[in-house]
Amino acid sequence: MKNERLTRAMWVWHALALGALLLLAFLVQSAPGTLLQIGGVRPVLLTGLCIAVGAVYGPFCGGVFGLVAGLLADSVTAPSLAFHAVFYAALGIACALAVQHLLVPGFFAFLVLSVLGSLLYATGYFLLYKLAMRGGGWYYYLHFSLPGAGYTAAASLLICLLIRLLRRLLPAVESRT
Amino acid sequence: MIRFFTSRGFRVLLAVVCVLAVVSGGFALAGRALSPQSDLLGAILSPLQKLGGAVTGQMERFFTAVGRLETLEEENNALREELRTYREQLVEYDRYQRENAFYKDFLEMKEQHADYAFQPATVTARDAADACGSFTIDAGRLDGVALHDPVITGDGLVGYVADLGNTMATVVTVLDPKIGVGAVVSRTREAGVVRGDQTLVEQGVCSLSYLQSAAAVSIGDTVITSGAGGVFPKGLIIGTVTEVRKDASNVSLQAVVKPTADLQALTQVMVITDFEGQGGLGDEK
């Protein structure tokens, strides 16, 4: 009984820390102006966070975190389909499963997941919002989506390392599967 | 007692005192202020006196400071509070200055277009994945905003409302290929359509297409809305022509237009919720 309460308390700490990081990343990413913008593209920090939380905390946390992050991202995207909510939830779960079954957890795994996750996000966003809905073409994909994916991947790798450090600093909890 | 007065020590002492008294008296009578012994002692003691003075001075300051510590702390806190207030006032002042300039522009626009109904809004967020600069504002359906309402700044057209909530709306800019704005060149009245072009997004410009090949458009011309279609009111400044070229089909001319509104640095905008001749795209109002 006491053990269960302790575990719950530890999870609350982790959830609070991840919630604060999510809010911070969302505010920075969607800040008006040209914060973090290089060559017309910005990193999508929430993508990196979803990859990191999935890879470090397991599929359940990755899925829930991805869903919440997606809801936030959808609130600033027109038209507000549930693209981000679905994509980020799936991304979180996929990253967790990849780390559990395919990749050896560590820097290389983070690198692979960051690159693939960012590329998938940029492609999905382009196909849905640009190609299908707003009339953008492959020029946009090559000049904005791919550089944006590269920038996001670099940011994602840093975020993965940060989340791993956070998990080590906070009291240990078992991954929820 | 007699033994003391008759002792050798007393006699030596007496002799020394007498010598000093005589020497001092002699120097005094000769007009010199300091006797040699005083001078000597002064020379020896002066550095020590300075050191002592410095130490005691420091100690005095220290004890004074300790005594005033509470007062100083209060004073320091009061000054910090005052500084904080001034900083806040400075921020407020900057904000008022910006707002003042913003509303001044709109007042001019309102005077020119009495039929416009405005809803001021603040830019709250940007879509990080969209290079065309779509953004979210803090005004929505409850504020009278409708889908496809034009969004402007004092400098000119920004875009239109593409998605709508009760208290917020998402705006796509004129850089987005989704938008097509009926436009005319102010000087020559030649008509075309301003549309976002993905190859021009990086430079922050859009294109004015479907101009007749004989059109007399030149660099520096101002492009304004034509009012055709009823989505955008007539006469809004869109931007200035920076380049004129043949379009891809080589049939008509295409002008590159730089929007006058700074689309990357928007903080406040106005939504035109109503204007004379408003038609819309058929799915709003």
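These figures come from a predicted structure and were not determined experimentally.

Colleague: Sorry, what's going on with the overall build of chain A here?
Modeller: Broken down by element type, chain A carries six helices and zero strands. Going from N to C terminus, chain A has its helices and strands arranged as α-α-α-α-α-α. Put simply, chain A has 177 residues, and 43% of those count as buried. Partitioning the contacts of chain A with sequence separation of at least 6, the portion at a separation of at least 24 is 68%.

Colleague: In this structure, what is going on with the sheet that holds strand 3 (residues 150-153) of chain B? I would like to understand it.
Modeller: Strand pairing in a sheet takes place through backbone hydrogen bonds and is either antiparallel or parallel in direction. Read around the closed barrel, the six strands follow the order 1-2-5-4-3-12 (chain B); overall the barrel is antiparallel. Shown here is a sheet whose adjacent strand axes are inclined to one another by a mean of 45 degrees, direction ignored.

Colleague: Can you help me understand the sheet that holds strand 7 (residues 191-195) of chain B in this one?
Modeller: Strand order around the closed barrel formed by six strands is 6-7-8-11-10-9 (chain B), with antiparallel pairing between neighbours. Mean inter-strand twist for the sheet, computed between neighbouring axes without regard to direction, equals 40 degrees.

Colleague: Explain unusual backbone geometry to me, please; I cannot follow it from the model alone.
Modeller: The general pattern is negative phi for most residues beyond glycine and trans for most peptide bonds. Residues and elements named next belong to chain B. Of note in this structure, His-148 is not a glycine but carries a positive phi near 70 degrees. Here His-148 lies in the loop between strand 2 (135-137) and strand 3. Take His-148: there are 20 C-beta atoms within 10 Å of it, and that puts it in the buried class. Its identity as a non-glycine residue notwithstanding, Arg-189 has a phi of 60 degrees, on the positive side. Relative to the assigned elements, Arg-189 resides in the loop between strand 6 (180-185) and strand 7. We classify Arg-189 as exposed; it has 9 C-beta atoms within 10 Å.

Colleague: Just to check I follow, could you spell out helix 2 (residues 45-57) of chain A for this structure?
Modeller: Residue pairs spaced three or four apart in an α-helix point in one direction, given the helix's 3.6 residues per turn. Residue and element names in this part refer to chain A. If you check helix 2, its first and last C-alpha atoms are 18 Å apart, about what 13 residues at 1.5 Å a residue would give, namely 18 Å. Of all 13 residues in helix 2, 13 are buried, a share of seventy percent or more. After helix 2 finishes, the residue Gly-58 shows a positive phi value of roughly 100 degrees.

Colleague: Would you take a moment to explain the nonpolar core for this structure?
Modeller: Inside soluble globular proteins, nonpolar side chains tend to come together where they are buried. Counting 105 residues, the largest nonpolar core has Leu46(A), Val53(A), Ala55(A), Val171(B), Ile238(B) and Val269(B) as the members making the most contacts within it. If you tally residues by element for this core, the top one is helix 6 (residues 138-169) of chain A, at eleven residues. When sequence neighbours within four positions are dropped, the list of residues in contact with Val269(B) reads Ala121(B), Val123(B), Ile137(B), Val151(B), Ile152(B), Thr153(B) and Val158(B).

Colleague: Would you mind showing me how to read the packing of helix 3 (residues 59-74) of chain A against helix 4 (residues 83-101) of chain A here?
Modeller: Helix packing for two helices is described by the angle between their axes and how far apart those axes are. Residue and element names in this part refer to chain A. Between helix 3 and helix 4, the least distance of the axes is 7 Å, while the angle of their chain directions is 155 degrees. Relative to helix 4, the element helix 3 lies roughly antiparallel. By crossing handedness, the relation of helix 3 to helix 4 is classed as right-handed. Tallied by class, the residues present in the contact of helix 3 with helix 4 amount to 17 nonpolar, six polar and one charged.

Colleague: Whenever I open this one, the pairing of strand 3 of chain B confuses me. Can you help?
Modeller: Within a regular strand, the side chains alternate between the two sheet faces. All names here are of chain B. Residues of strand 3 alternate between two faces, with Pro-150 and Ile-152 on one and Val-151 and Thr-153 on the opposite face, all of them buried. Inspection of the sheet shows strand 3 paired to strand 4 (residues 156-164) by four bridges, in the antiparallel sense. For Ile-152, the partnering residue across the bridge sits in strand 4 and is Leu-157. By the bridge criterion, two bridges tie strand 3 to strand 12 (residues 268-274) in an arrangement that is antiparallel. Each residue of the ladder has a partner; that of Ile-152, found in strand 12, is Met-270.

Rules of the game
Residues numbered from 1 in each chain as written. Chains lettered and ligands numbered in written order. Predicted model: local features only at pLDDT ≥ 70, side-chain atom pairs only at ≥ 80, totals over all residues. Helix = DSSP H or I, 4+ residues; strand = E, 2+ residues; numbered from the N terminus. Buried ≥ 20, exposed ≤ 12 C-beta atoms within 10 Å, placed from the backbone. Contact = placed C-beta atoms within 7 Å. Pairing = 2+ DSSP bridges. Axes fitted to C-alpha atoms, helices over the stretch in contact; angles between N-to-C directions. Expected span 1.5 Å × (residues − 1). Core = buried A, V, L, I, M, F, W, Y, C linked by C-beta atoms within 7 Å. Parallel < 35°, antiparallel > 145°, perpendicular 65-115°, else oblique. Left-handed = near helix turned anticlockwise from the far one by under 90°. Nonpolar A, V, L, I, M, F, W, Y, C, P; charged D, E, K, R; others polar.

It is worth stressing that arrangement in space is one thing and function is another; only the former is reported here.
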